Amino acid sequence: MSVTNLLDNWAAVRHFHPIDDKPHDPYKWAMAIDLDACIGCNACAVACYAENNLPVVGREKFQHGQVMHWMRIERYWNEDDREFPDQGAEFMPMMCQQCEAAPCETVCPVGATNHTQDGLNSQIYNRCIGSRYCSANCPYKVRYFNWYDYPTTDNVWPAEMNYQLNPDVTVRGKGVMEKCTFCVQRLRAAEVTAKGEGRIVREGEVQTACQQSCPTNAISFGNLVDPESRVHKQWKAQQVDLAKDEQEKDKQEGGSDLRGYRIFEDLRAYPSVMYLERVRESAV
Amino acid sequence: MKDIREDIAWAKINQDVMKSLENPRPLYWVILFFAVLTFGIGIGCEVYQYQMGMGVANLDNPHVWGLYIATFIFWIGMSHSGTLLSAILHLMHADWRKPIYRFAEAMTTFSLMTAGLFVMVHLGRLWQFYYAVPYPNERWVWPNFQSPLLWDAMAIFTYLSSSVLFLFVGMIPDLAIARDNMHSGWRKKLYTLLALGWEGTDRQWRNFRVTYLTIACFLIPLAVSVHSIVASDFGMSQQPGWHVTSFPPYFVAGALYSGCAAIITLFIILRYVFKFEDYMTLPILKKIVRLTFAIAMVWTYLNCVEFASVWYSHDAVSKDLLIQKMTGPYAPFWWAMIFCGSIVPLVFAIKRFQTNIPVLFATSLLLNLGMWLERWMIVSPTFSHGYYPWTWDHDQWPSMIQWGIVFGSFGWFTLLFMVFCKMFPSVSMYEVKEMVYHRTLHLKNNGTAVEQTVEQGVH
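Conventions we followed
- Residues numbered from 1 in each chain as written.
- Chains lettered and ligands numbered in written order.
- Predicted model: local features only at pLDDT ≥ 70, side-chain atom pairs only at ≥ 80, totals over all residues.
- Helix = DSSP H or I, 4+ residues; strand = E, 2+ residues; numbered from the N terminus.
- Rg over C-alpha atoms; globule rule 2.2 N^0.38 Å.
- Buried ≥ 20, exposed ≤ 12 C-beta atoms within 10 Å, placed from the backbone.
- Contact = placed C-beta atoms within 7 Å.
- Pairing = 2+ DSSP bridges.
- Axes fitted to C-alpha atoms, helices over the stretch in contact; angles between N-to-C directions.
- Parallel < 35°, antiparallel > 145°, perpendicular 65-115°, else oblique.
- Left-handed = near helix turned anticlockwise from the far one by under 90°.
- Nonpolar A, V, L, I, M, F, W, Y, C, P; charged D, E, K, R; others polar.
- Expected span 1.5 Å × (residues − 1).
- Core = buried A, V, L, I, M, F, W, Y, C linked by C-beta atoms within 7 Å.

**What about the overall build of chain B?**
For step 1, the next point in the chain: Per the secondary structure count, chain B includes 17 helices and zero strands.
For step 2, the next point in the chain: The globule rule puts the C-alpha radius of gyration for 459 residues at 23 Å, and the 23 Å found for chain B is close to it.
For step 3, the next point in the chain: Expressed as lengths along the three principal axes of its C-alpha atoms, the size of chain B is roughly 75 × 55 × 40 Å.
For step 4, the next point in the chain: Burial statistics for chain B: of 459 residues in total, 48% are counted as buried.
For step 5, the next point in the chain: For chain B, the share of sequence-separated contacts (at least 6 apart) that also reach a separation of at least 24 residues comes to 82%.

As structure tokens, then:
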């Protein structure tokens, strides 16, 4: 009976700490984003729309903040005493950080958002009842809610655009939460192929849509456990570690050559995305 | 001053309360009409929202929670004073609660039912709400026991069922009186059914007392835990302005506060509508007013504690949020909350206003407004000035649909409450008789020291 099942598998329900007991074998999907290389072109965001069947909500709903961009480019103006065309700006690509100790996971009343063995923060659309507690507790605000029934009543994809939809990704009805999946459909396909051939996924074999479309290679993505992967090398070079809650670059007095950090590390969500700080003109 | 007149005959008590079941003042029907109207508007808004999706409420990212959650806390809070009056004061032998605890307990039950509605209204897929219930199922899927929202669902359900039971058990002797005095018809049948064959024998009374006391003892920790758990929805989260250790006691104090204010409002309405001037007397009103004043000061103190601990902490984000509340787009509402919650109750400190019905009525409405604003000011500003800079200065005001459902909930509550008061004795007849009996007994024994002993009942 199911009560026995619950008690027998209690360890699967309650981890002591996600950092301690996640095996990450053989995969831990992670990302590194070089803010120095990012030119703010939004190609990643567009690619994400195409790959993941994101609804285009239109101007009015955009203004109401009901936009569904899993990948968003944030713009921060520099305070450099210059007026608009000359004023400098910073770009920040932001998507679900796939936290190892995700604040969204513990609060969901129905357990619709969970951690997978390969280090993803998964969202089960069919289980979601739309309490939106996950989004309320997300420090990055990267979860997007289906405020309307986009595929049917809202008709965001007219008939002639049906062929544009990605058949590997489900469309979401109203009332469920969704967010960046690290293109889980591509990861699963690659993992299955590799398993059939008795090996693990090689570096470069799988790309996320945003990574694939980035003209400056600002985004690298791969298996953090694999020592050959670019993302592993980058994390290692920056001395950023999954279990850390403070950056090495901030520990050294008088600045350092290290650029790697993760956002809000002190909140101890242990995100899987490392950002590389922009090299400023003043620092060169 | 005595709580109620001592020369009221027992038969007159029966008569007066039974009359409230038959012919209230015309204002009753006016209130009922507006309640149905408001509730209808709320239903219309909810049907539209159900069809279209939550977007019509003008919620967005990051403002994923809005008035629904704020009003949910408001109703949960309102339910607490019923338990305070009926259970806590019962254990403390505060006699003055006797004529008014019945309607306070009904208020508890119905405000909990209203709060339960908001849980539903808030869900994106309310047709799947049962996923949050831990029922054994073939697929071995359980809800997430770590989630405060799940604790919430369980706590509210337990509190609601216990409150209904408490209300019903306390009413049994009165239902028997109603059964015996009602002319034949469907209502007599209803009272006969609900009175469970009560005859008022010695054995029945003894069992009744024990049962009532047991449920009262069970209900008190439950009431405290329910609002502590509602506070955990916020306290257990990571967000600035919510992640506050003192939230559980703060929420419980706020709950008692808004509940007491609501009791004053309903006291005044019932007293007029059902002609209860002999039972819901001014001395009793004065005691509730003093109690409310004390709780208002506790709430003010806990507010100061929270502000001070944020202000002197090194938590820059929480401090920013506090400044933002005081000066940002929510400032008018925030200051209105401080004014209604901490300044207005000072009226209660002035002796001649303590029995001035128009003043008390207006004041109690303002207090309730302040407490509703308090809940809104807990929920919303965190979203517009949280951790993530991208969300800053992002205001999203509730749409008319959202307001409509909030107003509709007041209609729903008033409807349930008013129908209850017309259907069932809203003044406890058997306990008022006890009061009269004790007083007369006391008069016989010691005619001179009446004033002094009555005052002992004030706590």
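That was the structure; now back to the text.
**A look at the sheet that holds strand 1 (residues 29-34) of chain A**
Residue and element names in this part refer to chain A.
For step 1, the next point in the chain: Spatial ordering of the open sheet is given by 8-1-10-9, a layout of four strands whose pairing is mixed. Looking at which strands have only one partner, the edges of the open sheet turn out to be strand 8 (219-223) and strand 9 (260-261).
For step 2, the next point in the chain: Where strand 9 lies against strand 10 (residues 273-276), two bridges are found, and the strand directions are antiparallel. When the bridges of strand 10 are listed, Y261 appears paired with Y275.

**Focus: the packing of helix 3 (residues 67-78) of chain B against helix 13 (residues 357-379) of chain B**
Packed helix pairs are specified by the crossing angle of their axes together with the interaxial distance, meaning the distance between the axes.
Residues and elements named next belong to chain B.
For step 1, the next point in the chain: Look at helix 3 against helix 13: their axes get within 8 Å of each other, and the N-to-C directions meet at 135 degrees. Here helix 3 lies oblique to helix 13, going by the angle between them. Read as a crossing pair, helix 3 and helix 13 show a hand that is right-handed. Along the contact surface, helix 3 presents L67, I69, A70, I73, F74 and G77, while helix 13 presents M371, W372, R375, W376 and V379.

**Remarks on the interface of chain B and chain A**
For step 1, the next point in the chain: Facing 38 residues of chain B, the contacting portion of chain A comprises 41 residues.
For step 2, the next point in the chain: Looking at the side of chain B that touches chain A, the element that brings in the most residues is helix 6 (residues 148-181) of chain B, giving three residues.
For step 3, the next point in the chain: Residue composition of the side of chain B that touches chain A, by class: 20 nonpolar, 16 polar and two charged.

**What about helix 5 (residues 101-122) of chain B?**
For step 1, the next point in the chain: For helix 5 of chain B, which comprises 22 residues, the first-to-last C-alpha distance of 31 Å matches the rise-based estimate of 32 Å (1.5 Å per residue) to within 8%.
For step 2, the next point in the chain: Extensive coverage of helix 5 of chain B is indicated by the burial of 19 of its 22 residues.

**Concerning the environment of P26(B)**
For step 1, the next point in the chain: As for its placement among the helices and strands, P26(B) is situated in the loop between helix 1 (10-22) and helix 2 (27-52).
For step 2, the next point in the chain: Along the chain, P26(B) and G328(B) lie 302 residues apart, while their C-alpha atoms are 46 Å from each other.

**Examining the nonpolar core**
For step 1, the next point in the chain: Counting residues in each nonpolar core, the largest one holds 190 residues, and the members touching the most others are M107(B) and I263(B).
For step 2, the next point in the chain: Once residues lying within four places of it in the same chain are set aside, the contact partners of M107(B) are M78(B), G82(B), A262(B), I263(B), L266(B) and F417(B).

**Some points on unusual backbone geometry**
Trans is the prevailing form of peptide bonds, just as negative phi is the prevailing case for residues other than glycine.
For step 1, the next point in the chain: Following N61(B), the chain continues into P62(B) via a peptide bond in cis, with omega recorded as 10 degrees.
For step 2, the next point in the chain: Tracing the backbone shows P62(B) in the loop between helix 2 and helix 3.
For step 3, the next point in the chain: Positive phi is not limited to glycine here, since R132(A) has a value of about 65 degrees.
For step 4, the next point in the chain: Relative to the elements of secondary structure, R132(A) occurs in the loop between strand 5 (121-123) and helix 7 (133-136).
For step 5, the next point in the chain: Even without being glycine, F182(A) reaches a positive phi, approximately 60 degrees.
For step 6, the next point in the chain: With respect to the helices, strands and loops of the structure, F182(A) is situated in the loop between strand 7 (177-178) and helix 8 (184-196).

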